[in-house]
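Take a look at the letters that make up each chain.
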Amino acid sequence: MSESAPGGSAAKPPADRGRTTIADGVVEKIAGLAAREVVGVHAMGSGSGLSRTFGAVRDRVPGGAKSAVSRGVKAEVGETQTALDLEIVVDYGVSIRDVARAVRENVVSAVERMTGLEVVEVNIAVSDVKLPDEDDEEPESRLQ
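Residues numbered from 1 in each chain as written. Predicted model: local features only at pLDDT ≥ 70, side-chain atom pairs only at ≥ 80, totals over all residues. Heavy atoms only, no water.

Draft legend 1. View of the overall build of the chain. Summing up its helical and strand segments, the chain has 3 helices and 4 strands in all. Taking the contacts inside the chain whose residues are at least 6 apart along the sequence as the reference set, 74% of them involve residues at least 24 apart. Accessible surface, the chain: about 9,500 Å² in total, of which carbon and sulfur atoms supply 50%. (Helix = DSSP H or I, 4+ residues; strand = E, 2+ residues; numbered from the N terminus. Contact = heavy atoms within 4.5 Å. Areas by Shrake-Rupley, 256 points an atom, 1.4 Å probe, with all protein chains shown as cover.)

Here it is, written out as C-alpha cells:
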C-alpha cells in the first residue's frame, strides 16, 4: 500500500522536498582553501607586493571587498555545475605545471565533495613568482 499526498501524487521523501542553492562566495572559499593547501602556492591573488599590501589592508577593514580566503578566486555557480578562475603566486623553483595540476586536482576534489556541484573547469593564472629573498610586504597594523 502506498501513501499519497493530497491531490493524488505520492508523498516525496523529506530529502526531496525543497531546493538547495550554493552562493558563489561559498564555492570561492572552498576553492581558495583547497588551492592554498598545495605545496608551491605562495599566495592567492595579484602577485605584486603593492597589490598584496593593499589587499591585506582591505582585509582588515570591516566590509572589505573579499575575505582573505577567497582572494584570487572567482566562481560562477549554476544549479548543478560550477566554473572557477584562480590567480596564484608560486614559490620560485617549483614546477608551475605540476603546481597548477595539483591545484586543479585539489580544488575539483574539495568543491565536488563539499557541494555536490560538478566542476566543469578550473582556469589558473600564475601572476607572480615569489623569490626566496623577497620580503612579504604585510603592512603593520596601526592598532596595538
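Additional details are given in the paragraphs that follow.
Draft legend 2. Just the nonpolar core, in detail. In terms of nonpolar packing, the biggest core is built from 24 residues, with Leu-84, Leu-86, Val-103, Val-107 and Val-111 touching the most fellow members. Those elements giving two or more residues to this core turn out to be helix H1 (24-36), strand E1 (41-44), strand E2 (73-77), strand E3 (81-91), helix H3 (96-115) and strand E4 (118-130). Ranked by the residues each element gives to this core, the list is headed by H3, at 6 residues. The contacts of Val-111, once residues within four sequence positions are left out, are Val-27, Ile-30, Ala-31, Thr-82, Leu-84, Gly-116 and Val-119. (Core = buried A, V, L, I, M, F, W, Y, C linked by side-chain atoms within 4.5 Å. Buried < 20%, exposed > 50% of the residue type's maximum accessible area, 1.4 Å probe, protein only.)

Draft legend 3. View of the packing of H1 against H3. Close contact between H1 and H3 brings their axes to 8 Å; oriented N to C, the two are set at 140°. Compared by their axis directions, H1 and H3 come out oblique. Where H1 crosses over H3, the handedness of that crossing is right-handed. Facing Val-27, Ile-30, Ala-31, Ala-34 and Ala-35 of H1, the residues of H3 in contact are Val-103, Asn-106, Val-107, Ala-110, Val-111, Met-114 and Thr-115. Here the residues of the contact of H1 with H3 sort into 10 nonpolar, 2 polar and no charged. (Axes fitted to C-alpha atoms, helices over the stretch in contact; angles between N-to-C directions. Parallel < 35°, antiparallel > 145°, perpendicular 65-115°, else oblique. Left-handed = near helix turned anticlockwise from the far one by under 90°. Nonpolar A, V, L, I, M, F, W, Y, C, P; charged D, E, K, R; others polar.)

Draft legend 4. Expanded view of the environment of Thr-21. Within the secondary structure, Thr-21 sits in the segment before H1. Between the C-alpha atoms of Thr-21 and Gly-78, which are 57 residues apart in sequence, the distance is 8.9 Å.

Draft legend 5. Fine view of the pattern of salt bridges. All chains considered together, the criterion is met by 1 salt bridge. The partner of Arg-101 in a salt bridge is Asp-98, and the shortest N-O contact between them spans 3.2 Å. Here the residue Arg-101 and the residue Asp-98 both occupy positions in helix H3, the gap between them amounting to 3 residues, near one helical turn. (Salt bridge = Lys/Arg side-chain N within 4 Å of Asp/Glu carboxyl O.)

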